[in-house]
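Listed below are the residues making up each chain.
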Amino acid sequence: MVKKIFIEIPTWLGDAIMTTPAIENIIKKYPDAKIIMLGSFVSTQAFEKVENIERIIVDNSKKSGNRYLNLIKLAKNIGKVDIAVSFRKSLSSKFMMFFINAKKKFSYKRFVKEEIHQAIRYNDFINRSLGIDLDTGDLKLYLTPFEYKKKTMGINPGATYGSAKRWYPEEFAKVAIEISKTYDIVIFGGPSETDIANDIENILKENKITNYQNIAGKTSLPELIEKIAGLDLFVTNDSGPMHIAAAYKVPTITIFGPTRFTETNQWNNPNGVIVTKGLDCAPCMKRVCPLGHHDCMKLVLSNDVLKEINKLELKEGL
């Protein structure tokens, strides 16, 4: 009988959220098992209120001392488990998994060469590892959506991975100015994204827009999830917050440039729309534009996004 399961989730928030259908299927297979979860500070915070999780460990092995000695100590701290699963394929993860006391161990593998969504890849890994055949369900987060007093659109101009994924603050601002006639505006962002959020805020001020909030760098991850979950509309780059919106099926416009939207777009969000220019140089998968022109994002204009918002409003009756 499986009583205890160790799960290591990806470091990046978006990737961690894309594992949630697979983790839900682990829970379906072993509903009475308690889970010990390991991950980065940010990614583990997304798993608040998952009942099966008994303990969450934040991976601080990089912070001080010898990382590999720290990983051995971390593995010993986990204790004895029936199954150990890692959704990461790094050398450090494989090293740590070697020292975990588990009857069965499974480290992430890509079984399919074709371009498929990352959520399907993660679920395929679990199906093959555990000998099950369960569909890739919806992304799943358990926090309660925030209740806004008026119709509200969120904009998320940041993208932790790199500048190549970021649309321009001037264009975000143009969308916000137009939409502010019918929606309140919330500007989102992490602690490292306050500059770009402030650039948008300054443009809104110059245009006498007052029905907005700039909460970039001012929320915890659970608060960010709740605030995004309660939105009526969301405009974002390819980012972790994009996947939060997908989990709650928030009507979303996502601007894609250098990344493969076939693999990392919103999973199972019927209200999600992709805006991309489909250039020959994309997707390059680079953090910074290797050609120096950044046309995959520069050629996307506010009108492109506003047209898609109008279509969504007609479809959803927003």
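Residues numbered from 1 in each chain as written. Predicted model: local features only at pLDDT ≥ 70, side-chain atom pairs only at ≥ 80, totals over all residues. Heavy atoms only, no water.

### Looking at the overall build of the protein
Inference 1: In terms of helices and strands, the protein carries 13 helices and eleven strands.
Inference 2: Radius of gyration (C-alpha) of the protein: 20 Å, near the 20 Å computed for a compact globule of 318 residues.
Inference 3: The principal-axis extents of the C-alpha atoms in the protein amount to approximately 60 × 45 × 40 Å.
Inference 4: Scored against the burial criterion, the 318 residues of the protein give a buried share of 54%.
Inference 5: Considering only residue pairs separated by 6 or more positions, the protein has 63% of its internal contacts joining residues 24 or more positions apart. (Helix = DSSP H or I, 4+ residues; strand = E, 2+ residues; numbered from the N terminus. Rg over C-alpha atoms; globule rule 2.2 N^0.38 Å. Buried < 20%, exposed > 50% of the residue type's maximum accessible area, 1.4 Å probe, protein only. Contact = heavy atoms within 4.5 Å.)

### Observations regarding the sheet that holds strand 5 (residues 102-107)
Inference 1: The five strands lie next to each other as 3-2-1-4-5, forming an open sheet whose pairing is parallel. Looking at the sheet topology across the chains shown, the edges are occupied by strand 3 (53-58) and strand 5. Averaged over all adjacent pairs, the angle separating strand axes in this sheet is 15°, with direction ignored.
Inference 2: As paired elements, strand 1 (residues 4-8) and strand 2 (residues 34-39) share five bridges and run parallel to each other. Residue pairing for strand 2: isoleucine 5 is matched across the bridge by isoleucine 35. (Pairing = 2+ DSSP bridges. Axes fitted to C-alpha atoms, helices over the stretch in contact; angles between N-to-C directions.)

### Concerning the side chain of arginine 121
Inference 1: Checked against the element boundaries, arginine 121 lands in helix 6 (residues 118-130).
Inference 2: Discounting residues that sit within four places of it in the chain, arginine 121 has contacts with Tyr108, Arg110, Val112, Lys113, Glu114, Glu115, Ile116 and Glu263.

### Things to note about the nonpolar core
Inference 1: If you look at the biggest cluster of nonpolar residues, it comprises 52 residues, and the most contacted ones within it are Phe47, Phe87, Ile126, Phe188, Ile244 and Tyr248.
Inference 2: Contributing elements (two or more residues each) for this core: strand 1, helix 1 (13-18), helix 2 (20-29), strand 2, strand 4 (81-86), helix 6, helix 9 (221-229) and helix 10 (240-247).
Inference 3: Sequence-distant contacts of tyrosine 248, defined by excluding residues within four places in its chain, comprise Leu141, Tyr142, Leu143, Pro145, Ile225 and Ala229. (Core = buried A, V, L, I, M, F, W, Y, C linked by side-chain atoms within 4.5 Å.)

### Here's the deal with the packing of helix 2 against helix 6
Inference 1: Direction vectors running N to C along helix 2 and helix 6 enclose 25°, while the axes themselves pass 8 Å from each other. When the interaxial angle is binned, helix 2 and helix 6 end up roughly parallel. Crossing of helix 2 over helix 6 shows right-handed handedness. Facing helix 2, whose interface residues are Pro21, Ala22, Asn25, Ile26 and Lys29, helix 6 presents Tyr122, Asn123, Ile126 and Leu130.
Inference 2: Grouping the constituent residues of the contact of helix 2 with helix 6 by class yields six nonpolar, two polar and one charged. (Parallel < 35°, antiparallel > 145°, perpendicular 65-115°, else oblique. Left-handed = near helix turned anticlockwise from the far one by under 90°. Nonpolar A, V, L, I, M, F, W, Y, C, P; charged D, E, K, R; others polar.)

### Here we look at the side chain of aspartate 82
Inference 1: Inspection of the secondary structure assignment puts aspartate 82 in strand 4.
Inference 2: For aspartate 82, a relative accessible area of 12% corresponds to the buried category.

### Comments concerning the packing of aromatic side chains
Inference 1: This structure, assessed with the given rule, holds eleven aromatic pairs.
Inference 2: Ring plane angle 85° and centroid distance 5.5 Å describe the contact between tyrosine 108 and phenylalanine 125, whose orientation is recorded as edge-to-face. In this pair, tyrosine 108 is assigned in the loop between strand 5 and helix 6 and phenylalanine 125 in helix 6, connecting sequence segments 17 residues apart.
Inference 3: We classify tyrosine 108 as buried; its relative accessible area is 6%.
Inference 4: Centroid distance phenylalanine 256 to phenylalanine 261: 6.1 Å. Interplanar angle 70°. Geometry classified as edge-to-face.
Inference 5: Classification of phenylalanine 256 as buried rests on a relative accessible area of 1%. (Phe/Tyr/Trp six-rings, centres within 6.5 Å; stacked < 30°, edge-to-face > 60°.)

### Examining the sheet that holds strand 11 (residues 272-275)
The pairing of strands in a sheet comes from backbone hydrogen bonds and takes either a parallel or an antiparallel form.
Inference 1: Ordered by their spatial adjacency, six strands build an open sheet running 8-7-6-9-10-11, and the pairing between neighbours is parallel. At either margin of the open sheet sits one strand with a lone partner, and together these are strand 8 (212-214) and strand 11. Between one strand axis and the next, the sheet turns by 15° as a mean value, whatever way the strands run.
Inference 2: The sheet contact formed by strand 9 (residues 233-237) and strand 10 (residues 252-255) spans four bridges and is parallel. Paired with asparagine 237 across the two strands is isoleucine 255, which belongs to strand 10.
Inference 3: Against the sheet, helix 7 (residues 169-179) makes contact with strand 6 (152-156), strand 7 (184-187) and strand 9, and its axis sits at roughly 175° relative to strand 6, the strand it touches most.

Keep in mind these numbers describe shape, not what the thing actually does.
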